[in-house]
Amino acid sequence: MEGTIFNLTEGAVRSLLCKLGCLLSHESWLVQGVRRDVQYIKDELESMNAFLHTLTMSEGHDDPVRIWMKQVREIAYDAEDCIDEFIHHLGEPSGMGFLRRLICMLGTLVCRRRIAIQLQELKARARDVGERRSRYGVVLPTKGPCPGLPRIALMSSSIISVSPRLFRHASRHIDPQLHALFTEEAQLVGIDEPRDALASWLMEDDPRLRVLAIVGFGGLGKTTLARMVCESPTVKGADFHLFPLFIVSQTFNIRTLFQHMIRELIQRPHEAMAIAGGKHGHFLDENLEKIERLEVAELAKKLRRYLHDKRYIMILDDIWTISAWDSIRCVLPDKKMGSRVIITTRNEDVAKRCCSHPQDWIYKIQQLSDSTSRELFFKRIFGSADKLPNDELEEVSNSILKKCGGLPLAITSIGSLLASKTNRTKQEWQKVCDNLGSELESNPTLEGAKQVLTLSYDDLPYHLRACFLYLSIFPESYVIKRGPLVRRWIAEGFVCQRHGLSMEEVAESYFDEFVARSIVQPVRIDWNGKVRSCRVHEIMLEVIVSKSLEENFASFLCDNGSTLVSHDKIRRLSIHSSHNLVQNISASVSHVRSFTMSSSVEEVPCFFPQLRLLRVLDMQGCSCLSSKTLKCICNFFQLKYLSLRKTNVCKLPRRLGNLKHLETLDIRATLIKKLPDSAKNLCCIKHLLVGHKVHLTRMASVKYLNPCSGLEMGPGVIKNMAALQSLVHIVVKEQSLVLWEIGLLQKLRKLNVLFHNVEVNWKAFVESLGKLASSLRSLSIHILDEKEHSSSLDILDSVESPPLLITSFSLTGKLESLPPWISSLRSVSRITLRNTGLHAEAIKVLGDLPNLLLLNLYHKSYADGGIIFPHGKFAKLSMFVMDDPENIDRVHFEVGSVPNLERLTLSFLREPKDGISGIENLQKLKEIEFFGNIILSVVNKVASCVKTHPNHPRVICDKMEYCN
């Protein structure tokens, strides 16, 4: 927890010091008295920050230290708010003449006086906090932290013996590994099938050293499964000399671990060699007693020599880092004796490193099913899963199990808590369910579960901790989308700049690390394996909400009407319910930096206009919003992120351009048709996300593109938006200057343009594309023209400097043939075509693209009667989508074509006369999905064909698996 406090405090102080330095560099801004106050605050906070750095290197901080850290952070927050307001009211000093500067100073005299008083108060607070540090004994530690000892258990065919040193370092806490090491098999549920599958794999006849990595979220039972695999009859009956289990843990020290391995494997041969009966001899070394003095290299040499002639199964439990595995791997010789290593980890990147050879296997442990969860839950409480003692517990039991989310540790821990209560009533159980966060904090029965969950958080590097706490603002079961989340992190100032990478790229790497560490659960995985949305496990959410409240990171109004506010000043506020909205807010909201309203909230709170210091405002899906309500947002001068997505707002405030710091404006799926003229002043805007996604609409048997899918851009609006990276779903309905202005956006990475019933000024657009060739990564061009003879996309042939670095490309409109430069798109991984009317030659061109993973052929994109995938084409394509081709009579996959295709998604207006053939040639096929107009005869033929396919791919109709 000390690390948490420091990380949040250091981040706040670092941000403020940067602003104070910039402020002091402007001589003309500050009168002498104000300058002295600012300089004093800066000097004090620099000293405090240095002291914080030293404190964070030690452990075991007491309450005075933690409280002092919090006080420093609150001063930093308040000072930053004051400085931001100071800079806002002074305006930009550069270029001002003396007279204009004098008029501005007179006009802001009252504000200057108020801010000067605030600075004096902050100066006094900084001085008091500095003195308080000495007064209450907040001193530098005299000794550094003691490295944690690795933990070791040795398994034989009949026993698990645990070293007395196993839990020496955890005398004050419950060790979360105890349950996994000593749980009886009779107490387990749902383990037989994975245990037998893993045991069978371990016993395959392969002399090579093979590594099995069991990876997953903390509390899923990785350690228990690994132990049960080694204790299964199949493995126990095999001729393995050793069954050691070493718990590596977060407090990893390679020298200490090697010393313990030698003690347990060599110095205690009667324990380590129990299964072999000692017949393989003893490892004698006269210097064995002197291992404390040996260097790591010598220790490793002894271990390799000892394991050299032995066939062993070794469990390396709880590995957290790649470097830990690399260090341990060097002592594991592969003498082709059929040895096996099982590792457990929460980190998928670690698992991939451990299983780097073809003979290895990564097993992703799954959450328990609903029925299995229920069985374990009631077995834990009542000793039997047959039935409930009374029906009134049914509903509350389901609520508790939903929070447990299939996590065995959570189910058994909460089950134990309920079993300990003599009064087993619905009211008592509901109380536990509603107050699970506080129970985790205070109830000893849940301490082990809390520690397991907290380990993942504690292992995060400091720059990720604020990002992870930020997930607490979302309600239970909320699906968190990657794009909005990373943009919010950036707006909050949580993302650190890295050389050569944009802030968005750095933020996305944070998201990917959360996924790899298994501390968020993927919900939607894209065609390229990229996780597009995730969810926080309900139990983990309880933990981070608790931490957020403790550190005043965030405050909440919840669905059950409860108010979770821990301090007198709210920094981030998330409202999940309208229940007692006004009455429940007693703390000050004038310092709120982030405000999130759930779509279920029925009214905008009366304090909304007071949120002047907001950086992030997210009101996605709120039906209670109106254009009138939003007028006050123009006063939120620090606003960087604004989302009104999926609201009924039809007009933005006229003074929107006042938001000089705005970086993200998300007004997708709204009724807004135009931006106000003042929007041209949004010089910091990076992501302008407007309109609707282009989609197909059915009317009888005809499909057409929805023309009301974009936002009209007036002349001069975007030409000053030099920082723009995403310009999505804008519509052009006349000969617009916007086509020229697009070429001025040299940082533009994503462009989506819709042309609707217009004679396109293609010269302007083609020239603009040429100017963006080095920056564009995603390009979508759609002609939504309902005329019989509409514009053609063949003008794209004339692009002199095509955007050859794009990874995603989408076209809607007539084409005689693909532009010649398409064949040079070496980086493109996704291509989508609609209404293009292309022919077989285009398929050959697309088939030669080296990195194409997804091909979407939608309505009227292909004009010929048959589509044939030739031998040697589409080398990397993993997914192919074909939607209602009008003329198709045949779909055929030749031998050697599309070798990596895994998913085939199809929709037909009528049955192809010559059918779908060559499916047997798709060696990696896993799934065939039919959607839209389901033709059962086609489905039946395909289902019959895949019966003999070696992969036995699934056949799905509109998300339902098809059974023939």
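Report follows, based on the coordinates. A quick note: this is a predicted structure, and the numbers were derived from the prediction, not measured. (Residues numbered from 1 in each chain as written. Predicted model: local features only at pLDDT ≥ 70, side-chain atom pairs only at ≥ 80, totals over all residues. Heavy atoms only, no water.)

### A few points about the overall build of the chain
Stated precisely, the cut-off is as follows: Under the scheme used here, helices are H or I runs from DSSP no shorter than 4 residues and strands are E runs no shorter than 2 residues, and both carry numbers assigned from the N terminus. For every residue, the accessible area obtained with a 1.4 Å probe (protein chains only) is divided by the maximum for its type, and the residue is called buried under 20%, exposed over 50%, and partly exposed between those limits. Accessible surface is estimated by sampling points in the Shrake-Rupley manner with a 1.4 Å probe; for residues, cover comes only from the protein chains shown.
When you go through the chain residue by residue, the secondary structure sums to 28 helices and 35 strands. Looking at the chain as a whole, 55% of its 964 residues are labelled buried. For the chain, the exposed surface amounts to about 41,300 Å²; the carbon and sulfur share of it is 51%.

### A short note on the environment of R346
Basically, it comes down to this: Whether two residues are in contact is decided by their heavy atoms: any pair within 4.5 Å suffices.
Assignment of secondary structure puts R346 in the loop between β6 (340-345) and α14 (348-354). In contact with R346, other than residues within four places in its own chain, are V215, G216, G218, K222, I319, W320, V452, L455, S456, A516, R517 and S518.

### As for the side chain of R572
Quick note on the threshold: Distance and chemistry together define a polar contact, namely a pair of N or O atoms within 3.5 Å, with one atom able to donate a hydrogen and the other to accept it when in protein, and with adjacent residues in sequence counting only for side-chain atoms on both sides.
If you trace the backbone, R572 turns up in strand β13 (residues 572-575). A polar contact of 3.3 Å, which involves the side chain of R572, links it to the side chain of E492. Of the polar contacts made by the side chain of R572, one reaches the backbone oxygen of F553; its length is 3.1 Å. Once you skip the residues sitting within four places of it in the chain, R572 turns out to touch Y77, Y470, E492, F494, F553, A554, S555 and S594.

### A word on the sheet that holds strand β32 (residues 916-917)
Using the following cut-off: We call two strands paired when DSSP finds no fewer than two bridges between them.
Ordered by their spatial adjacency, three strands build an open sheet running β28-β30-β32, and the pairing between neighbours is parallel. Taken across any chain shown, the strands that pair with only one partner, and hence form the sheet edges, are β28 (866-869) and β32. One ladder, built from four bridges, connects β28 with strand β30 (residues 890-893); its direction is parallel. Bridge assignment links I867 to a residue of β30, and that residue is V891.

### Quick look at the environment of S824
In this structure, S824 sits in the loop between β25 (808-812) and β26 (830-834). Separated by 25 residues in sequence, S824 and L849 have C-alpha atoms that sit 7.7 Å apart.

### Things to note about helix α8 (residues 222-230)
Since there are 3.6 residues in each turn of an α-helix, residues three or four apart along the chain are aligned in direction. The buried count for α8 comes to nine of nine residues, which makes it a mostly enclosed element. Along α8, the residues that are buried comprise K222, T223, T224, L225, A226, R227, M228, V229 and C230.

### A short note on helix α20 (residues 447-458)
Using the following cut-off: Between the first and last residue of a helix there are one fewer steps than residues, each counted as 1.5 Å, and that sum is the expected span.
Taking 1.5 Å of rise per residue, twelve residues should cover 16 Å, and α20 covers 15 Å from first to last C-alpha, within 8% of that figure. Those residues of α20 that fall on the buried side of the exposure criterion are G448, A449, Q451, V452, L453, T454, S456 and Y457.

### Some words on the packing of aromatic side chains
This is how it is decided: Whether two aromatic rings pair depends on their centres lying within 6.5 Å, for rings of Phe, Tyr and Trp, where Trp uses its six-membered ring; planes under 30 degrees apart make the pair stacked, over 60 edge-to-face, and the rest tilted. Criterion for a charge above a ring: Arg CZ or Lys NZ at most 6 Å from the ring centre, at most 35 degrees from the ring normal.
Counted by the stated rule, this structure contains 23 aromatic pairs. Arranged with centres 5.9 Å apart and planes meeting at 65°, the rings of W762 and F765 form a pair that is edge-to-face. Residue W762 and its partner F765 are located together in helix α26 (residues 762-771), separated by three residues, close to a single helical turn. Considered together, W762 and F765 belong to a single accessibility category, that of buried residues. Three or more aromatic residues link up through ring pairs in this structure, and these residues are F377, F378, F382 and W429. If you follow R210 out to its NZ or CZ, it ends over the ring of W201, 4.1 Å from the centre. Looking at R572, its charged tip hangs above the ring of F553, at a distance of 4.3 Å from the centre.

### So, the packing of helix α16 (residues 393-404) against helix α18 (residues 426-434)
Under the convention used in this document: Interaxial angles span 0 to 180 degrees and are taken between N-to-C directions of axes, which are lines fitted to C-alpha atoms, for helices over the stretch in contact. Roughly parallel means an angle under 35 degrees; roughly antiparallel, over 145; roughly perpendicular, 65 to 115; everything else is oblique. Crossings are assigned a handedness: left-handed for a near helix turned anticlockwise from the far helix by less than a right angle, right-handed for a clockwise turn. We call Asp, Glu, Lys and Arg charged. Ala, Val, Leu, Ile, Met, Phe, Trp, Tyr, Cys and Pro are nonpolar, and the rest, Gly among them, are polar.
Between α16 and α18, whose axes approach to 9 Å, the crossing angle comes to 15°. Taken together, the axes of α16 and α18 lie roughly parallel to each other. In terms of crossing hand, the pair formed by α16 and α18 is left-handed. When α16 is examined against α18, the residues L393, E395, V396, S397, S399, I400 and K403 are found in contact with a partner set consisting of K426, W429, Q430 and C433. In terms of residue class, the contact of α16 with α18 is built from five nonpolar, three polar and three charged.

### Some points on the environment of V946
Here V946 lies in the loop between α28 (936-945) and β34 (954-957). Between the C-alpha atom of V946 and that of L925, which follows or precedes it by 21 residues, the distance is 9.6 Å. Not counting chain neighbours up to four residues away, the residues in contact with V946 comprise I919, I928, H952, P953 and V955.

### Some words on the sheet that holds strand β8 (residues 480-481)
Taking strand neighbours across the sheet as the criterion, the three strands line up as β8-β10-β9 in an open arrangement whose pairing is antiparallel. The open sheet terminates on both sides in strands that have one partner only, identified here as β8 and β9 (521-525). Relative to strand β10 (residues 531-535), β9 is paired through four bridges, and the arrangement is antiparallel. Residue pairing in the sheet places I525 in a bridge with V531 of β10.

### Some remarks on the packing of α16 against helix α17 (residues 408-419)
The angle between the axes and the distance between the axes are what describe a pair of packed helices. Contact geometry of α16 with α17 gives a least axis separation of 9 Å together with a crossing angle of 140°. Of the two possible hands of crossing, α16 and α17 adopt the one that is right-handed. Contacts between α16 and α17 involve I400, L401 and C404 from the former and A410, I411, I414 and L418 from the latter. Residue composition of the contact of α16 with α17, by class: seven nonpolar, no polar and no charged.

### Looking at the pairing of β10
Bridge count between β8 and β10: two bridges; the pairing is antiparallel. Counterpart to I480 in the pairing with β10 is C534. Taken together, β9 and the strand that follows it, β10, pair antiparallel across an intervening segment of five residues, in which G529 is found at a positive phi of about 85°.

### Quick word on unusual backbone geometry
Non-glycine residue D318 carries a positive phi angle of around 70°. A residue is classified by how much of its surface remains accessible, and D318, at 10% relative accessible area, is buried.

### Side note on the state of the cysteines
So the rule is basically this: The criterion for a disulfide is a pair of cysteine sulfur atoms lying within 2.5 Å.
Taken as a whole and assessed by the stated rule, the structure comprises zero disulfides. Its sulfur unpaired, C496 is 8.3 Å from the next cysteine sulfur, which belongs to C467. Distance from the sulfur of C684, which forms no disulfide, to the nearest cysteine sulfur (C683) is 4.3 Å. We classify C684 as partly exposed; its relative accessible area is 32%.

### Quick look at the side chain of H729
Here H729 lies in strand β22 (residues 726-732). Since its relative accessible area comes to 6%, H729 is described here as buried. A distance of 3.4 Å separates the side chain of H729 from the backbone oxygen of V690, its partner in a polar contact.

### Considering the pattern of salt bridges
Note the threshold: Within this document, salt bridges are pairs made up of a side-chain nitrogen of Lys or Arg and a carboxyl oxygen of Asp or Glu, the two lying within 4 Å of each other.
A full pass over the atoms with the stated rule returns 37 salt bridges. E394 is the partner of R374 in a salt bridge, and the nearest nitrogen-oxygen pair spans 3.0 Å. Within this pair, whereas R374 is found in helix α15 (residues 370-382), its partner E394 is found in helix α16, the two being separated by 20 residues in sequence.

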